[in-house]
Amino acid sequence: MKFSTRFTVRAALVLAAGGVIGAFGACKKDAAGPPPPPPPPPPPPIAAPSALTATAGTGNRIDLAWTDNSNNETGFRVERCSGAGCTSFAQIGANTAADIKVFADTFGLAAATSYSYRVRAFNATDSSAFSTTATAVTGSPPPAGAVMIGAGEITTCSSVGTSQTATLIQNQVNADPNTIVFTIGNNVAGTTGGNYTTCFEPTWGKLTTRPALGQGDYEAVGEAGIDSYFGSKVSAPQGWYSFDVGSSWHVIVLNTSTWKWGVNNMTGDDPNLPKPMLDWLALDLAGNTKPCLMAISWERRLYTSGTGTLGRNSNMNHIAQMLYAAGADVLLSAKDKQYMRFPKTNVDGVADAAGFAQFVVGTGGRSLDAMHAPAAGNPVAAQFGGQGNAVPDSWGVIKFTLNASSYKWEFLSTQSGGFTDSGEQACN
């Protein structure tokens, strides 16, 4: 084959070009592949919640609500500061879950105080801006309930406990001069002549504002002595009356001794005999407009008998029926010189949510009756008397705090480490 000069030159150029290109790999495929894609854009910012509202609720509570404007939050954080114009916000409560748009602040709020709030959304990597601020003011504290304190079976002139229980009464009156001091009958008992002035007056007498009468009062000083000492305090000479306490409570004081009016005044069994107190009680209950009702009667309906069974005093059956029908909350009695509390029952002592609690507080200073262990079926909830108790024998008084729709009770002992009983119950 014959090669021309031009062919030789052309071939040389091709070979030279191939060597150069091959040296740079132009004829090879690129092993690294195409360039990496650009990084993804950052996630969208979390939208801040809006339309935050704060509303003061019942008691020390403020309810928050807001509009959720985000769809990528893990939850929300609520911050609070206190005082008008405050700026020192701090988180309260735990983080909420996603999509929650309400929050109840019950974390140590004070009454009649301004609180400001702000809310923001968050997730694992970001937080939103804060919402606008919302402010609410908690309500004023509820008025303190009226206090009544007292007991029955107070003195026989030789009673050593009378001055001790009077000290408990005096301490309460010193703390709250508006305290109502009541008695449950047998203010004096067991002896005759001068007991109110020489025995009752120096201790309880100067403090008592709402006394009740018992059989012992008549036996000790007679009707004339009662009228002379108590006068209008017990609407003498009949000895029954009523009064209101605050806006919610009506208190009825009965005279369940038989000295003047006899048993018929309680039972009304004989239609031919007068029963002035029962007639008055029916009218008083019919005219009552208060939602909460207490009755004070020296005689008791229920008690723990000597055998431990539930005792029912038939003389009080009719009165108990009237109180039950009227929706009474408390029957407060004495007679037995011990303390007994029966929960809400009907007239027969059977548990009944529409019934009334019964307290026997004959611990005002006279000697204490022996306490009998309750037998099966006796609904007594608490009791204390003399002899053989797990705690030392002591006298005491009961303190009631009458609130707008409930009451609290507390038995106060004259001796450190003595018997106690306390609780709270809503009105019917």
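Check the entry above for the structure.
Residues numbered from 1 in each chain as written. Predicted model: local features only at pLDDT ≥ 70, side-chain atom pairs only at ≥ 80, totals over all residues. Heavy atoms only, no water.

J.: How should I be thinking about the sheet that holds strand 3 (residues 75-82) in this particular structure?
T.: Within a sheet, adjacent strands bond to each other through the backbone by hydrogen bonds, running parallel or antiparallel. Read from one edge of the open sheet, 4 strands run 4-3-6-7, paired in antiparallel fashion. The two strands at the open ends of the sheet, each matched to only one other strand, are strand 4 (90-91) and strand 7 (134-137). Both strand 3 and strand 6 (residues 114-122) contribute to a ladder of 8 bridges, which runs antiparallel. Within the sheet, the bridge partner assigned to Gly75 lies in strand 6 and is Phe122. (Pairing = 2+ DSSP bridges. Helix = DSSP H or I, 4+ residues; strand = E, 2+ residues; numbered from the N terminus.)

J.: For this particular structure, what's the right way to read helix 7 (residues 317-325)?
T.: Structurally, the α-helix is built with 3.6 residues per turn, so residues lying three or four positions apart point the same way. Of all the residues in helix 7, the buried ones are Ile319, Ala320, Met322 and Leu323. Buried residues of helix 7, viewed axially, fall in a sector of 160 degrees; they line one side. Among the structural elements, helix 5 (264-267), helix 6 (276-287), strand 12 (292-296), strand 15 (330-333) and strand 17 (356-361) are those in contact with the buried residues of helix 7. Gly327 sits one or two positions beyond helix 7 and adopts a positive phi of about 75 degrees. (Buried < 20%, exposed > 50% of the residue type's maximum accessible area, 1.4 Å probe, protein only. Arc of directions from axis to C-beta. Contact = heavy atoms within 4.5 Å.)

J.: Help me understand the state of the cysteines in this model?
T.: Throughout the structure, instances matching the rule amount to 3 disulfides. Across the disulfide, Cys81 is cross-linked to Cys86 (sulfur-sulfur distance 1.9 Å). Taking the sign of the S-S torsion, about 70 degrees here, the bridge from Cys81 to Cys86 comes out right-handed. Covalently, Cys292 is tied to Cys427 through a disulfide, its sulfur atoms 2.1 Å apart. The chirality of the disulfide connecting Cys292 with Cys427 is right-handed, given an S-S dihedral of about 110 degrees. Taken together, the residues span a long stretch of sequence, with Cys292 in strand 12 and Cys427 in the segment after strand 21 (421-426) at a distance of 135 residues. What makes Cys427 buried here is its relative accessible area of 15%. Counting its disulfide-bonded cysteines in sequence order, the protein shows a connectivity of 1-2, 3-4, 5-6. (Disulfide = S-S within 2.5 Å.)

Functional significance is not addressed by these values, which are geometric in nature.
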